[in-house]
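Read off the chains here:
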Amino acid sequence: MAQFPKLLNDRLLRAARGESVDAAPVWVMRQAGRYLPEFREMRAEADFFKICQTPELACEITLQPIRRFELDAAIIFSDILVVPQALGMKVEMKPGVGPVFDKPLVNPGDIDRLTIPDVNTVLKYVFDAITLTRHKLEGKVPLIGFTGAPWTLMSYMIEGGGSKTQSKAKKWLYQHPEASHKLLKIITDVNVEYLVGQVRAGAQLLQVFESNAEYLGPVEFSKFALPCLIEINRRVKDKLVAEGLDIVPMTVFAKGAHYALAELGGSGYDVVGLDWTIDPTEARKLVGPNVTLQGNLDPCGLYAPSTDIEARVKMMVQQFGRDRWIANLGHGIYPDMDPESVETFVNSIHSHTKL
Ligand code: 1CP
């Protein structure tokens, strides 16, 4: 494996492993994105996926928030939808609309249209972006890699983009459970290769985004989503060991899955991400003492005046405690938010948790 600059800030990794920290680590989901004028400037000139596919550009955008704020982690600039693309689906990012698939999966027979990729070739551009970014970070903070969880990716592949109900994708779960399992397995296998490749390339923590967990309930989540999540964590770590690589901590963020927090706590993931609708004290009871929690300020809390953001942070510190906690929002930051609010959030997490 390539030699990288020495890591100078290991708060994120220490918190993920349950070790003591000198202050709680903090990063922000979607920290590299449209709320930053320097991102919008680059985006005006280049297509979204073109940026993802160009390591120098993806690296530059990854570093933008790190230059501005005292964040404790960088997350590689990419998207969960690069996996459906790797499986042969065409996806475009339409400004003001979001992702649009040209031919979503309609019937179980459409699974045969997917091509099983050689991940190391097809997604090499992500690995190259990660390696370049590790060097350019100069050890300032660790670099997070990520992927979309199988159910969330399956739902995009069937819905063809965002959806208010996920009813087309959920119809598969009820009408075509076998085909659903087949599709989920294809995505799980690709995800395992993809995440291991990210670690080989230099990722120091991996996050699996199950953003569409909120559309499922406990029964369907246990049947279709959770087994894939558990398998990914186990297989990735087994492969890292088999390759002689260090095991990296893994985070599962299953948005809206209150109903499954106890199961997620026992799923083998080191960190469980929380959205803002759950009380941290309640979440801690459900996941148990041996995992790290991540979250969970309501993203819209960043619209509040800075004194109110500070007050909320104080409350979060009381609820989460300063150990086994990675501070974050409960979901991604919105494009119309003021970068200064991010600064207030980040700095107050540090000032209220510093030893
Ligand atoms: O967090 C970061 O800064 C890293 C970059 C990142 C990540 C982790 C982006 C850049 N996307 C993601 C993950 C992602 N993508 C998720 C999981 C997290 C979440 O729940 O938000 C999801 C669901 C997507 C899919 C996606 N990509 C959407 C949602 C569509 C919908 O309505 O369902 C959208 C709008 C995107 C586009 C996108 N991805 C990232 C950025 C900066 C943007 C905006 C694109 C633009 O400039 O037009």
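Residues numbered from 1 in each chain as written. Predicted model: local features only at pLDDT ≥ 70, side-chain atom pairs only at ≥ 80, totals over all residues. Heavy atoms only, no water.

**Student:** Hey, could you run me through unusual backbone geometry in this one?
**Tutor:** Peptide bonds are mostly trans, and most non-glycine residues show a negative phi. For the peptide bond that leads from G295 to N296, omega is -10°, which places it in the cis range. Looking at where N296 falls in the secondary structure, it is placed in strand β8 (residues 292-297). The phi dihedral of R30 is positive, around 65°, even though this residue is not glycine. Along the chain, the position of R30 falls in the loop between α1 (11-16) and α2 (37-45). (Helix = DSSP H or I, 4+ residues; strand = E, 2+ residues; numbered from the N terminus.)

**Student:** I tried to follow the sheet that holds strand β9 (residues 325-329) on my own but got confused; where do I start?
**Tutor:** Pairing between the strands of a sheet comes from backbone hydrogen bonds, and it takes one of two forms, parallel or antiparallel. One open sheet accounts for seven strands, arranged β1-β4-β5-β6-β7-β8-β9; its pairing is parallel. If you trace the sheet from one side to the other, it starts and ends with β1 (74-75) and β9, each paired once. When strand β6 (residues 250-254) meets strand β7 (residues 271-273), the two strands line up parallel, connected through three bridges. Along β7, the bridge assignment pairs F253 with G273. Across the face of the sheet, helix α14 (residues 306-320) comes into contact with β8 and β9 while running at roughly 155° to β8. (Pairing = 2+ DSSP bridges. Contact = heavy atoms within 4.5 Å. Axes fitted to C-alpha atoms, helices over the stretch in contact; angles between N-to-C directions.)

**Student:** What's the story with the packing of helix α9 (residues 167-175) against helix α10 (residues 177-201) in this structure? I'm lost.
**Tutor:** Helix packing for two helices is described by the angle between their axes and how far apart those axes are. Where α9 contacts α10, the axes come no closer than 5 Å and their chain directions differ by 115°. Judged by residue contacts, W172, L173, Y174 and Q175 of α9 engage P177, A179, S180 and L183 from α10. For the contact of α9 with α10, a count of residues per class yields six nonpolar, two polar and no charged. (Nonpolar A, V, L, I, M, F, W, Y, C, P; charged D, E, K, R; others polar.)

**Student:** I'm lost on the layout of surface pockets in this one. Help?
**Tutor:** The probe, sized like a water molecule, is rolled over the atoms to show the empty space still left. In this structure, the largest pocket encloses a volume near 1,400 Å³. If you go around the largest pocket, you meet 42 residues; those closest to its centre are R30, R34, D79, P99 and Y156. For the lining of the largest pocket, the class distribution of residues is 21 nonpolar, 13 polar and eight charged. (1 Å grid on protein atoms, 1.4 Å probe; cavity = no way out; pocket = protein on both sides within 12 Å on 5 of 7 lines; lining within 4 Å. Points joined across faces, edges and corners; volume = space filled by probe spheres on them.)

**Student:** Sorry if this is basic, but what is going on with a negative patch on the surface here?
**Tutor:** Where like charges cluster on the molecular surface, the negative patch consists of E70, D338, E340 and E343. Along the chain, the position of E343 falls in helix α15 (residues 339-353). By relative accessible area, which is 38% here, E343 ends up partly exposed. (Patch = residues over 30% accessible without salt bridge, like charges linked within 9 Å, V, L, I, M, F, W, Y side chains within 5 Å. Areas by Shrake-Rupley, 256 points an atom, 1.4 Å probe, with all protein chains shown as cover. Salt bridge = Lys/Arg side-chain N within 4 Å of Asp/Glu carboxyl O. Lys, Arg positive; Asp, Glu negative; His and termini not counted. Charge placed at Lys NZ, Arg CZ, Asp CG, Glu CD. Buried < 20%, exposed > 50% of the residue type's maximum accessible area, 1.4 Å probe, protein only.)

**Student:** I keep staring at α14 and nothing clicks. Help me out?
**Tutor:** Given 3.6 residues per helical turn, the α-helix brings residues three or four places apart onto the same face. The terminal C-alpha atoms of α14 lie 21 Å apart, and with 15 residues this matches the ideal 21 Å at 1.5 Å per residue to within 8%. Of all the residues in α14, the buried ones are I309, V313, M316, V317 and F320. Here the buried residues of α14 occupy an arc of 100° about the axis, which is enough to place them on one side. Structural note: α14 exposes T307 and Q318 on the side pointing more than 90 degrees away from its buried face. Buried residues along α14 sit against α13 (280-287), β8, β9 and α15. G321 occupies a position one or two residues after α14 and carries a positive phi of about 80°. (Expected span 1.5 Å × (residues − 1). Arc of directions from axis to C-beta.)

**Student:** Just to check I follow, could you spell out the environment of Y334 for this structure?
**Tutor:** Take Y334: it is sitting in the loop between β9 and α15. Since its relative accessible area comes to 29%, Y334 is described here as partly exposed. Put simply, Y334 and Q198 are 136 residues apart on the chain and 27 Å apart in space, counted from C-alpha to C-alpha. Discounting residues that sit within four places of it in the chain, Y334 has contacts with Y35, P299, C300 and Y303.

**Student:** Would you mind going over the site of the ligand with me for this structure?
**Tutor:** Taken together, 23 residues form the shell around the ligand, and within it R30, R43, Y156, S211 and H331 come nearest. Contact between the ligand and R30: an oxygen atom at 2.7 Å from a main-chain N or O atom of the residue. Between R43 and the ligand, the recorded distance is 2.6 Å, taken from a side-chain N or O atom to an oxygen atom. For the ligand, the accessible surface in isolation is 900 Å², of which the surrounding protein chains cover 87%. (Near = heavy atom within 4 Å. Polar contact = N/O pair within 3.5 Å; in protein donor to acceptor, adjacent residues only side chain to side chain.)

**Student:** Sorry if this is basic, but what is going on with the pattern of salt bridges here?
**Tutor:** Two side chains bearing opposite charge may form a pair once their charged atoms approach each other closely. A full pass over the atoms with the stated rule returns 18 salt bridges. Close ionic contact of R17 with E19 constitutes a salt bridge, the shortest N to O distance being 3.2 Å. Judged by relative accessible area, E19 falls into the partly exposed class, the value being 29%. With a shortest N-O distance of 3.9 Å, K285 and E282 are connected by a salt bridge. Residue K285 and its partner E282 are located together in helix α13, separated by three residues, close to a single helical turn. Classification of K285 as exposed rests on a relative accessible area of 64%. Put simply, K185, D189, E231 and R235 are held in one network by salt bridges that share partners.

**Student:** So what exactly am I meant to see when it comes to helix α11 (residues 218-242) here?
**Tutor:** In a regular helix each residue adds 1.5 Å, so 25 residues correspond to 36 Å; α11 covers 34 Å between its end C-alpha atoms and thus fits that length. For α11, the set of buried residues is E220, F221, F224, A225, L226, C228, L229, I232, N233, V236, K237 and L240.

**Student:** Can you walk me through the packing of aromatic side chains in this structure?
**Tutor:** The geometry of an aromatic ring pair is captured by two quantities: the separation of the ring centres and the angle between the planes. Scanning the model with the defined rule gives eight aromatic pairs in all. Here the aromatic rings of F39 and F77 are separated by 5.7 Å at their centres, their planes lie at 50°, and the arrangement is tilted. Residue F39 is located in helix α2, and its partner F77 is located in the loop between β1 and α5 (82-86); the two are separated by 38 residues in the primary sequence. Residue classification places F77 among the buried positions, given a relative accessible area of 7%. (Phe/Tyr/Trp six-rings, centres within 6.5 Å; stacked < 30°, edge-to-face > 60°.)

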